[in-house]
Amino acid sequence: MSTDHEKFKQERARWKKTTAVQFKDRPVKFMTTSSVPINDLYGPEDTQHIDFYRDIGFPGEFPYTRGIHANMHRGRLWTMRQFAGFGTAADTNQRFKYLLEHGQTGLSTAFDLPTLMGRDSDDPLSEGEVGVCGVAISSLRDMELLFDGIPLDKVSTSMTINSPAAILLAFYICVAEKQGVPASKLRGTIQNDILKEYIAQKEFIFPPEPSMKIVVDTIKYCAEQVPEWNTISISGYHIREAGSTAVQELAFTLADGFAYIEAAVAAGMQVDDFAPRLSFFFNSHLDFFEEVAKFRAARRIYARRMRDKYGAKDERSWKLRFHTQTAGCSLTGQQPFNNVVRTAYEALAGVLGGTQSLHTNSLDETWALPTEFAAKIALRTQQIIAHEIGVTNTVDPLAGSYFVEQLTTQMENAAEEYFQKIDALGGVIPAIKQGFFQREIAAAARQYQMEIEKKERIIVGVNAYAETEEKLEIPILKVDPIVEKAQNANLKKLRAERDITKVRQTLEQLKMAAQEDRNLMPALIDCSRAYCTLGEMINVLKGVYGTWREEPVF
Amino acid sequence: MQRKIRVLVGKVGLDGHDRGAKVIASALRDGGFEVIYSGLHQTPEMIAEAALQEDVDVIGISLLSGAHMTLFPRIMELMKKNQMDDVLLLGGGTIPPEEAKQLEGMGVGKIFGPGTDTRDIVEFIRHWAATRVA
């Protein structure tokens, strides 16, 4: 953006001395949610190193700073994809149908903790957790109930599953098979991002190396058999929820993405054969401009690296597609209706940042899973942004703002610094083993909390405008403990009914595939068809690969 | 000199949300206590065992999985069995007020919900220790 920078500098100094000096700032720290200090004013000199054509450009064109499609939300609104799941497969099936009836356009499945950790509902360690924070899926039988009456060639389904992602994908492929839908027609996503499990979410099972091998197996298998499937949703969401700053979320997530790309290339794949099916998943936190800048920086960094470092030729490989979820960690237990407002601003940042899909959190989520009512307001929030407030009329309306462009570039540079640090530690997996990410995130979480306690950061209803003797007056969703009993009874019945010889045979085949380092997907699909349980398959793999424990740091 | 108050901060069950546990652990350490952090994915048995071995005065359990009504009673049972009547059990996480009250009625010293100031936890433990000695 060309202006006479020298002149601007002088003029700004003059303005500061003569005009601005008459006004005193409030005695607060002006900083982003990530504690990045913010100046009183931005102008041409702050963007003097930014070249419009090189760094900003046109939407739909390299480096995609302004969005991956030429007309963005004018052409197609983002997918409103509300994450849902609780209780038994039949309970969640009902919620899915409810959401589809109310205009939701894609499904997103939350699994319970036993499923996420590869344990069956009747595993002793699953007690008390079955169906509590997601749906319980222990075998193909549960998956059949989950998608009963939902034609899999008509919906796209996102599954938030990581360590056992390959197995849940196998279940999904088998359900489709029973519906007569070929795998080539399936559309959806498995999160399948194991690196951020070691970094932040901590739902890991196997050590990092075999986990990466399984991820590469799914990438390879889908490239050939399920070409419309998004094989990894490389996730910053959980990194941010664990307490990272926006820059850490940006840098660590992209570093994970590049690690998957390098692993798949090392396994003999061509980057353009799989990169178009990689997608990202970011958090949208409270600081509006910082979030918009983060999304814009993410697209620019990714496009540059994909083209220039990894040699991708297919334009689809350069485009960073992403899902956004508003920040659960920004919600307060106090005065929960305020959370609707927080979520709306966060969602707006996601939309103006050019998201492809969006989940808005519900007002009651600091206490429990959302009630149907709370989930509906969250969906309506998205619909209001889409249709009422005018922000979808033009593409990337914040571009060209001195502040936003400067912040975008600043975040890009800060992310590049982190990439160098990670490289110096030997890459993502060695950095995980050294506890690097874990320490960085814990320190940022601690700082955030301290800022709140010192009131350098104000949270309405918590450390300001609090109501003493506040009573929680919203309904709370309770998962009936009967769910666990019902689920275990179903599982017992399944174990009795299935052909045990087939179960043993397919599990043995799976073990051999793992030992011989073959692609596990075909064996997992055979196991699923034979109604082997999730826990049985995971246990076979634990026998071959071992398990992982982290060194706790705080 | 009196020995420092020893606190075991524990994560029980399959839940991997450790942000709160770590923030609390470091705040308690800064508050002058001796802090042991269990790490993730512990069973109630592992917590009771660690609490005995480390001879702690306080156990603080962080739970964001919704399994609190199963896991807290189990921990209390094990504490009783091991005659840890003089150990204070605290909790925190996504625990609705109604269930927090139930757990406090069952013998949990206090449940600290979302938005708690860490200094209130430090103060609570100090006060408990002072009245225990007196």
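Residues numbered from 1 in each chain as written. Chains lettered and ligands numbered in written order. Predicted model: local features only at pLDDT ≥ 70, side-chain atom pairs only at ≥ 80, totals over all residues. Heavy atoms only, no water.

Digging into the overall build of chain A
Filter applied, for reference: Under the scheme used here, helices are H or I runs from DSSP no shorter than 4 residues and strands are E runs no shorter than 2 residues, and both carry numbers assigned from the N terminus. Here the globule rule is a power law, 2.2 Å times the number of residues to the power 0.38, and the radius of gyration is based on C-alpha atoms. Three labels apply to residues, based on accessible area from a 1.4 Å probe with only protein chains included: buried if under 20% of the type maximum, exposed if over 50%, partly exposed otherwise in between. Contact criterion: two residues are considered in contact whenever any of their non-hydrogen atoms come within 4.5 Å of each other. For every accessible area listed, the method is Shrake-Rupley and the probe measures 1.4 Å; residues are considered covered only by the protein chains on display.
Within chain A, the secondary structure is distributed over 23 helices and 10 strands. A compact globule built from 554 residues would reach a C-alpha radius of gyration of about 24 Å, and chain A, at 24 Å, matches this within 12%. Dimensions of chain A, computed from the C-alpha atoms along their principal axes, are close to 85 × 60 × 45 Å. Counting only residues that meet the buried cut, chain A has 60% of its 554 residues in that class. Taking the contacts inside chain A whose residues are at least 6 apart along the sequence as the reference set, 79% of them involve residues at least 24 apart. Total accessible area computed for chain A in this model is approximately 22500 Å², and 52% of it derives from carbon and sulfur atoms.

What about the interface of chain A and chain B?
Quick note on the threshold: What counts as buried area is the accessible surface, traced by a 1.4 Å probe, that two parts surrender upon association, with contributions from both included. Salt bridges are defined by distance alone: a side-chain nitrogen of Lys or Arg within 4 Å of a carboxyl oxygen of Asp or Glu. Residues adjacent in sequence count toward polar contacts only when both atoms are side-chain atoms; beyond that, a polar contact is any pair of N or O atoms within 3.5 Å, and within protein one must be able to donate a hydrogen and the other to accept it. Only Asp, Glu, Lys and Arg are considered charged, only Ala, Val, Leu, Ile, Met, Phe, Trp, Tyr, Cys and Pro nonpolar, and every remaining residue, Gly among them, polar.
Contact with chain A, which involves 41 residues of that partner, is made by 39 residues of chain B. Summing both sides of the interface, chain A and chain B together bury roughly 3100 Å²; the carbon and sulfur share of this comes to 57%. Broken down residue by residue, the surface that chain A buries against chain B is led by W367(A), R446(A) and F554(A), which jointly contribute 24%. Of the charged contacts, one joins R119(B) and E453(A) as a salt bridge, the two residues approaching to 4.0 Å between their closest N and O atoms. Taken together, the links from chain A to chain B amount to 14 residue pairs in polar contact (both at pLDDT 80 or more). At the level of elements, α5 (113-116), α8 (195-201), α10 (237-241) and α19 (436-453) of chain A are the ones that each hand at least two residues to the side of chain A that touches chain B. With eight residues, the top contributor of residues to the side of chain A that touches chain B is α19(A). Within the side of chain A that touches chain B, the residues separate by chemical class into 21 nonpolar, nine polar and 11 charged.

With respect to helix α11 (residues 246-266) of chain A
Residues and elements named next belong to chain A. Inclusion rule: Every helix has an expected span of 1.5 Å times one less than the residues it contains.
Between its first and last C-alpha atoms α11 spans 30 Å; for 21 residues at 1.5 Å apiece the expected length is 30 Å, and the two agree. Of all 21 residues in α11, 17 are buried; the element is thus mostly enclosed. Within two residues after α11, G268 carries a phi angle of roughly 100 degrees, on the positive side.

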